[in-house]
Amino acid sequence: MLQTHYDVVIIGGGPAGLATAIGIASDLLTSNMKAKILLIDQRSKDHQRIGENVPSDISVLLQRLGVESEFSKGGHEPCPDFASVWGGKELLYNYAVVNPYGHSWRLNRHSFDLALVNKAKALGAEIVWDTRFIETSRRQQDGHIAYELFLQIDSQETRSVKADFVVDATGSKASFAKGLNVKKTLDDKLIAIVHFAELEQPHKGKQVRIDATNNSWCYHTLMPHQKVMSMLITDPSERKALEKDNYHAFKTRLAKPLWVGDKAQEIEVTDESYHTYMINSGLLEQVEGENWIAVGDAASSFDPIAAQGIYKGIKHGIFAAEVVLAKLKGTEPQINYGDMIQQDYRQYLRNRAHIYQLEQRWPDSEFWQKRSK
Ligand SMILES: Cc1cc2nc3c(=O)[nH]c(=O)nc-3n(C[C@H](O)[C@H](O)[C@H](O)COP(=O)(O)OP(=O)(O)OC[C@H]3O[C@@H](n4cnc5c(N)ncnc54)[C@H](O)[C@@H]3O)c2cc1C
């Protein structure tokens, strides 16, 4: 049952929102302070999230959140190497196209998300699913700015709660910040068409496979619990044609690239489904303001070639929690959160350009040329 007033409301229960909730709640507990923290998400508790590859040094962040032992029991599988056909016909192993830190993990997303949810709850944060943030109004309250948040519960009932501090963890749409007229500068738009399936026969493959075509790149991975995922990343203008006739053109395109195509054909699968995701690479013009802060994809969203989205979301959550705690305690934060987000974003743009520049087989292809700058 929602209360009428909270010290902190976090909108969005992805990795960034949950890490922020854990960061705030665990510090409050050790400081013997009390504050009411609410996290809401428009999705249901069991919604299957996208993103399964995380770099090895995520363990450092999970340790800070106090969930490293849950992670070790979570059924995640190591990913010993990447095999890519990128920049030439030759197959390259362990090539740091995606992950500069070596050994990464293929997540069991269900247990990963559950570990974060359970930790946040155990520390005292209230989590409410099926609750969508619609809009906000700013209010003057005891000499400071607070927010009234209008929420829709179970797609029916509408009600409002008051928040002294709001965390925008709504993903790349940054719905709360946009409601305050803060703009997001986009430097690229892509689509990802994704095929999920279950393997008919157990398979021990552990590699992630990446391949490039003249106007797209593809990714194939076996995941924990005998699941398999193949995805094609391309320009949004291709969407209609690829989705037509039950994704016929997508299936044909995925079968073409030598490396991913061979792998996708080699295995027998069941329980197949296809999904299209919009991907915006961009940075919010202002990532914090009076009694609000944006985290994860809401603050800055990356091309999936970076494979950094989950890591970045958790990192933002940990640092944003310090800003929120300073506010609750009436102290100054020890970090410059806005500078950190901007520096990370500039680094990401340099890395992204470097990765796309490596592929020079199609000098006339707009897909590759415009992302190499
Ligand atoms: C196809 C694809 C593949 C990817 N693969 C990887 C990968 O392998 N590794 C990786 O690290 N990253 C990957 N990413 C990126 C990764 O998914 C994101 O960067 C990461 O999930 C961002 O976390 P977040 O918490 O900021 O946002 P999200 O995970 O997007 O969570 C935002 C949450 O906010 C909720 N929400 C949104 N609006 C509202 C509202 N109005 N009211 C209430 N709730 C709301 C949503 O329901 C959602 O649960 C991939 C992305 C795509 C599209």
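Residues numbered from 1 in each chain as written. Predicted model: local features only at pLDDT ≥ 70, side-chain atom pairs only at ≥ 80, totals over all residues. Heavy atoms only, no water.

A. Structural detail: the sheet that holds strand β3 (residues 53-54). Across the sheet, which stays open at both edges, the 3 strands sit in the order β3-β7-β4 with antiparallel pairing between neighbours. The open sheet terminates on both sides in strands that have one partner only, identified here as β3 and β4 (77-79). Judged from the 3 bridges that link them, β4 and strand β7 (residues 104-106) form a sheet pairing that is antiparallel. Among the inter-strand pairings, Pro-78 is bridged to a residue of β7, identified as Trp-105. (Pairing = 2+ DSSP bridges. Helix = DSSP H or I, 4+ residues; strand = E, 2+ residues; numbered from the N terminus.)

B. Expanded view of the nonpolar core. One finds Leu-149, Trp-292, Ile-314 and Tyr-337 to be the most contacted residues of the largest nonpolar core, which totals 77 residues. Looking at this core element by element, the count peaks at 10 residues for helix α8 (residues 309-329). When near neighbours in sequence (up to four residues on either side) are disregarded, Ile-314 contacts Pro-15, Ala-19, Ile-58, Leu-61, Leu-62, Leu-65 and Phe-112. One finds Val-208, Met-223, Met-229 and Ile-355 within the second-largest nonpolar core, a separate group that totals 22 residues. (Core = buried A, V, L, I, M, F, W, Y, C linked by side-chain atoms within 4.5 Å. Buried < 20%, exposed > 50% of the residue type's maximum accessible area, 1.4 Å probe, protein only. Contact = heavy atoms within 4.5 Å.)

C. Up close: the site of the ligand. In the region of the ligand, 31 residues are neighbours, and Asp-41, Asn-53, Phe-133, Asp-297 and Ile-310 sit closest. Within the contact set of the ligand, an oxygen atom lies 2.6 Å away from a side-chain nitrogen or oxygen of Asp-41. A distance of 2.8 Å separates a nitrogen atom of the ligand from a polar atom in the backbone of Asn-53. Of all elements in the fold, only α1 (15-30), β9 (131-141), β12 (184-199), β16 (269-284) and α8 reach the threshold of two or more residues within the shell around the ligand. Ranked by the residues each element gives to the shell around the ligand, the list is headed by β9, at 3 residues. Taken together, the residues of the shell around the ligand sort by class into 13 nonpolar, 12 polar and 6 charged. Taken domain by domain, the shell around the ligand gets at least three of its residues from each of domain 1 (5-68 + 111-185 + 281-356) and domain 2 (78-103 + 188-279). (Near = heavy atom within 4 Å. Polar contact = N/O pair within 3.5 Å; in protein donor to acceptor, adjacent residues only side chain to side chain. Nonpolar A, V, L, I, M, F, W, Y, C, P; charged D, E, K, R; others polar. Domains from an automatic or database assignment.)

D. The arrangement of the pattern of salt bridges in detail. Taken as a whole and judged by the stated rule, the model has 17 salt bridges. Taking the shortest distance from any N to any O, the salt bridge between Glu-238 and Arg-253 comes out at 3.3 Å. Note that Glu-238 is positioned in the loop between β15 (227-234) and α6 (239-255) and Arg-253 in helix α6, a separation of 15 residues in sequence. Two residues, Arg-239 and Glu-243, come together in a salt bridge whose shortest N-O distance is 3.0 Å. Here Glu-243 and Arg-239 lie together in helix α6, a separation of 4 residues that amounts to about one turn. Residue classification places Glu-243 among the partly exposed residues on the basis of a relative accessible area of 24%. Each of Asp-187, Asp-188, Asp-235, Arg-352, Lys-370 and Arg-371 takes part in one network of salt bridges that share partners. (Salt bridge = Lys/Arg side-chain N within 4 Å of Asp/Glu carboxyl O.)

E. Representation of α8 within the structure. For α8, built from 21 residues, the straight-helix expectation of 30 Å at 1.5 Å per residue is met to within 8% by its first-to-last C-alpha distance of 30 Å. Among the 21 residues that make up α8, 16 are buried, leaving the element largely enclosed by the rest of the structure. Looking one or two residues past α8, Gly-330 carries a phi angle of roughly 70°, positive in sign. (Expected span 1.5 Å × (residues − 1).)

F. Expanded view of the packing of α1 against α8. For the pair α1 and α8, the least separation of the axes is 7 Å and the interaxial angle reads 40°. As the angle between them shows, α1 and α8 are arranged oblique. As for how α1 packs across α8, the hand of that crossing is right-handed. Here Pro-15, Ala-16, Ala-19, Thr-20, Gly-23, Ile-24, Asp-27 and Leu-28 of α1 come into contact with α8, specifically with Ile-310, Gly-313, Ile-314, Gly-317, Ala-320, Ala-321, Val-324, Leu-325, Leu-328 and Lys-329. (Axes fitted to C-alpha atoms, helices over the stretch in contact; angles between N-to-C directions. Parallel < 35°, antiparallel > 145°, perpendicular 65-115°, else oblique. Left-handed = near helix turned anticlockwise from the far one by under 90°.)

G. Representation of the domain arrangement of the protein chain in the model. With domains assigned, the protein chain is organised as domain 1 (5-68 + 111-185 + 281-356) and domain 2 (78-103 + 188-279). Taken over C-alpha atoms, the centre of domain 1 sits 29 Å from the centre of domain 2. When the area that domain 1 buries against domain 2 is broken down by residue, the three leading residues are Ile-50, Glu-52 and Ile-305, summing to 31%. Along the contact surface separating domain 1 from domain 2 lie 1 salt bridge. Our count for the domain 1 to domain 2 interface comes out at 4 residue pairs in polar contact (both at pLDDT 80 or more). (Buried area = accessible area lost by both parts, 1.4 Å probe.)

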